[in-house]
Structures are given as structure tokens and as C-alpha cells.
Amino acid sequence: MSNLLKLNRAALRFVQNTKRGLATRVIENPEEYTEKPEYPPIVDISNEAKKKRAKERYHEEYKQVGTVEEKVIKLNLPKYYGFQCVVLDQSEVLYDTLNFGQYITRTVKHETPELPEFYKKNDEMVSKLAEKVKSEVEDVIGFEYSGYLRDFVLNNPKATPEEKERFLASNICFQLNRTLVNALHGDFPHLSECEVDLDPRHEAFWFVGGIDPPERVRSYRRGHEWTKKFEKAPVDRSFQHISQPYLTLRHVNPLPALENVNLEALNYVTDKVEVPDQKYDPRVYGYRTTHRHGTIVPGYWAGSAHEFGVLSYQRRDGLLKFAKNYTPEDVQEALHMQGITSSFAWAYAQAAFQGFTTFNEITYPLTSQTIITDGRLFSFYAYQMNTLLLHSEHAKTNPRYNKCWATPEMKLFEEVDASGKVIGFNPDVLKNLLHFYVNAPEKREDVDMKPYLDPKAPRAALIEDELRREFIEKTYKHLMANRKRHERVPETYLWEKFYKIDFKTRPMEPRRRPFELGINPFRRRLDDHLPEYVPRILRPGGYGGRRHGKSQEKWRPTFYPTTHSDRPRSKVVPNYPEQHKYEKINEEEYKELDKRYRKKE
């Protein structure tokens, strides 16, 4: 009984002290408290939501990569053998692909007999210039067609029609550009500041979502309980554009926007425009797919001061193989398809060198001017890029869209007689050409042109660390060269599929192939390889740099832009993060590292 009384008295004293303490408590930081309770947001814990959040984190980390070269390396990091790319080669023209081209570039096409309203402010001036340079342009055309003989190409029976067209058209484009620049550079100084590229390399790589999955993906999903309900869920496909224009002009400043639009308010739903919905597998249209690294090249390397395009002369020799079987309407659609994709790819590559990617949206519009010609026939395309987000759900939900103004095919002249006189010259084509040339680039003062690049080192050449700079340069150039690996891309042969997978008729044969060991070779990452071995005599300290019978600099360091969201490296690949720094460490640190590496080995 006495113990119970003592317990009650102790409880009473505790309550009294607690009340006294609460009554006299002083809140030290009142700004940390709110009148109403605030609860953390409720997070969806489904697998789909987790994957989406992980993808968003990866894209945010991708945005933080500081240099142009490292962004391209990180883009290719998930695939050692490259992506299964849909190749958009401008030398290959396919039937009925205009709507598909608009979908994969999210472009609205405006087909007009004239250039857009933006160019009409220069109509009077261009008309005067056309009269001034008309005779010089006619002389150029007459000389290229009949001024001197080119029997080694044009009359060579072994030369293909495509080779003949490329040879003649490239000379005409070069001479046209030379004539117009010489005639205009006095009144338009931006032309004398431009750099001219002959046969440049234009390549772009991006992802497009909302496309129907191929049959192999559907069969895989059907074979697992947790993926059956996603059998027909759309997938992302990687697209690789490849083209080689006759000639391009580049300037230090970008071209002005064709329409002064607010990118945040741009909405294709409320603006009542049409972006075709083409969700079919690209192979349905006849596009080929291949394993290759994603390459982004706007015709120059990072570091060039002239990093914005003014205009480009694109080829159209790919139509020669199919024009006989095409109607005029089909040919016009094929030209529009080429004009849209080539304009988008060039503008996209320029945006990539400003730090924007297929995962990180552009913050200001970019303009490109494209001419598709064979020397006699001309098609003009004025393109304004407003968005780059085309992957995943953005293919359907992205409110922004790109715009392209396209003119129908026009003849610069009808023919050239034996004396070199041009017959049927069309001044309207010359005026369109002059409109593109007199459109002067402008410096954008109120815009951060490179918001996602390191201001101190936006490209690899400015990195202070010599080892890191050399590694990034070497890796980047190897990816852009797209040379084949020393090992062939893994494949399952038909006899293996028949005898080992579909019908297991070789049970006694040793299991050595990847599919027999449960290994998917295409999940190998770009950094899943042995680092470069450093001979002992070349290591820091030479033979005297060994401790405990081992050298501490056995492998040359690697500097891949990996983050914690990237998948861990393979078990067979040594990972020595502490040895990526060429610096001395004390004895205690070395013993700890040595124990750790011995356990791994």
C-alpha cells in the first residue's frame, strides 16, 4: 500500500512540473511555426510513379553537367554499344512520311507561296537588289552549265545520276553564295562576318515518346505478371538525323525570331493548330534501325565563335531514286519532310551546343533558314524552334510546338542554251534568296544564352585539370567518330534461336553464350570497361611508387559524368574512385584503401 502511495505522489509531482514547464515555455524561433499545421505532400508509391520521379531526378542531374562534351557523353552513357536508333538519312526519301516528320519534331507546317510575314518588311529593298544582281546570277548559271566541260563527271557513263546532280548543284550553290555575298556585304556587314562551310556535317540525336511498342517489347511484357497490363503502353524511340548540306553560313549572333511569341503561353491546344499524331512504329514507313552512338554535330565543334546558323543549302538528290514512281504531290510532301527534319535537326544541334538537350527545355526560340535545291529547283523553309521536349509523355502533353513556313517547289530558270544564255529566269526565286541573305542576326542582350552550362568552363577545352580535359576530349571524339568497337555487337544467331531457345535440343553443350548465362549484353554501360593500364615505369614515382607490393596508380583515371542515379558499374570492372586523383596520401589512408581493394579482389 505504501509503495502505491509513493507512486501516486511521484506521478502527481511529474504532472505539476510538466504543467509549470509548459506554462513558462518560451518559443525561441516563432517563424518556424504556423497557425495551421502543414503536412508533407502525399507521394504516389506505385512503380510507375517511382520510375517517373527517378527519371525526373536524372534529367535534373543531366542539367547540372557543366560542359557541352560531357552532356553528350552522359547522353550516351547508358549504352556501351549505342542505342537502337531510327536513322533519318537525307539521302533516303520515303513515301508518305510528312505527318510522321511533323510528329517526331512537333512541328506545325504552314505552306505558303511566299515567305512569312516577317520578311515582308524588306520587300522594297529586296526588289531593288534583285534588279542589281540579276545579270551576275545569270552569268554564274550560264557559266556553270556551259562555260567549261566536265566530261570526267557529267559525261562519265560510270557516274550515277545522284553523283552528277551533287557535282553540278554544289558548284552552283557555291558560286551563287559567292556572288550574293560580294554584292551585298557592303550594305549588310553581317555577311562579311559569316563563316562559310562547304559540305559540313549536320547530325542530331533526340528521343520521341508516345510511339507504339514493337512486337518484341510486347511479348516481353506479356511474359511477366507485373507488366501484362502495360503490354500496349507507348515507348520512347531514339532518332538520329544525318545530312550533309552543300553549303552553310554561320554567325556569332542568332537570327531574330520569326514570331515574337511568349514560350510560356504558347499552347497548341488553345491556339487551335494541328500537330499530327503518328504513333506507329517507324519501321512501318520503311525507316531502318541500327545500333550507334547518339551524335550531335551542327557543322562545327564546341568553341567556335560562329555558333549560330544563318542559312543552309540542302541536297535533294535522294529524290532521283523515287521521283519516277512519285506523283508531284508525293514529291512535294517528301521535300517538306526533308525541309522540316533538316531545319529542326540543325536548330536542335545548335541548341545542344548552348547547353539544351532533349531532356532540358529551351528557354528562347531559335531560327533556321533552309534551302533545298539541285541548282535549278528551289524550295525555301523558314523554321522557328520553340521546344525540344518530345520524350515520354511530353510527346502528347507538351503545350509548345515548333513552326515551319514552307514554299512550294520553284524553278530559278527553265533552261540554258548552248551559248550559255539563261532562258525563263524567275526573279521571285532570287528575291526569296535575297530575303534569307539580308535577314541579319541580332545579339540578344536580355537572354542568358547558356543557362545550363558552367560559366567558367562551358566546353572541355577550358577545363583546368589536364587529366580530366584529355579524357573528356578523347571520349567525346571517339563517340562522334562512331567507329565500330573491336568487338562485334552481340547477336543471337538463327541456329541458336532454333536449337537452343525455341527447342532445347543441345542440353550437353557448355553454356557460354550471354543468353545461356542470363546476361543481357545491351545493358552494358559506356563506363563498363577496364580502365587504361599504366605501365609501372610510367606511374607516378616509377618503380619506387609501390607499397605493399602493389602500385597505387595501376589504372589510368576515368572521368565519366556519372551521378548517384546511374546504375552501378559491373562487378568485373574495377572501380577505384579514390585513385582518380593524382595526389599523395598518408600511410593510414593507404592501409584503409588497401584493405578495401583486397576485399573486392
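Residues numbered from 1 in each chain as written. Predicted model: local features only at pLDDT ≥ 70, side-chain atom pairs only at ≥ 80, totals over all residues. Heavy atoms only, no water.

Right, let's get into the packing of aromatic side chains. What the rule picks out here adds up to 31 aromatic pairs. Taking 6.2 Å as the distance between ring centres and 20° as the angle between the ring planes, the aromatic pair formed by F378 and F380 counts as stacked. Both residues of the pair, F378 and F380, count as buried. Members of the aromatic cluster, joined through ring pairs, are F100, W206, F239, Y285, Y287, F344 and Y348. When the ring centre of Y268 is taken as reference, the NZ or CZ atom of R106 above it lies at 4.5 Å. Over the aromatic face of Y80 sits the side chain of R524, whose NZ or CZ is 3.8 Å from the ring centroid. (Phe/Tyr/Trp six-rings, centres within 6.5 Å; stacked < 30°, edge-to-face > 60°. Buried < 20%, exposed > 50% of the residue type's maximum accessible area, 1.4 Å probe, protein only. Lys NZ or Arg CZ within 6 Å of the ring centre and 35° of its normal.)

Moving on: helix α12 (residues 466-481). Taking 1.5 Å of rise per residue, the 16 residues of α12 would be expected to cover 22 Å, and the 22 Å separating its terminal C-alpha atoms lies within 8% of that figure. Taken residue by residue, α12 has F471, I472, T475, Y476, L479 and M480 as its buried positions. When α12 is viewed along its axis, its buried side chains cluster within an angular range of 155° and face the same direction. Residues K474 and K477 are exposed on α12 and point more than 90 degrees away from its buried face. Tucked into the core, α12 has its buried residues touching α3 (68-76) and β8 (297-298). Positioned one or two residues after α12, N482 has a phi angle of 55°, which is positive. (Helix = DSSP H or I, 4+ residues; strand = E, 2+ residues; numbered from the N terminus. Expected span 1.5 Å × (residues − 1). Arc of directions from axis to C-beta. Contact = heavy atoms within 4.5 Å.)

Before going further, it helps to spend a moment on unusual backbone geometry. A positive phi angle, close to 55°, is found at K272, a residue other than glycine. Along the polypeptide, K272 turns up in the loop between β6 (247-251) and β7 (289-292). Of note in this structure, S392 is not a glycine but carries a positive phi near 50°. Among the structural elements, S392 can be located in the loop between β11 (377-385) and α10 (394-397). Given a relative accessible area of 11%, S392 falls into the buried group.

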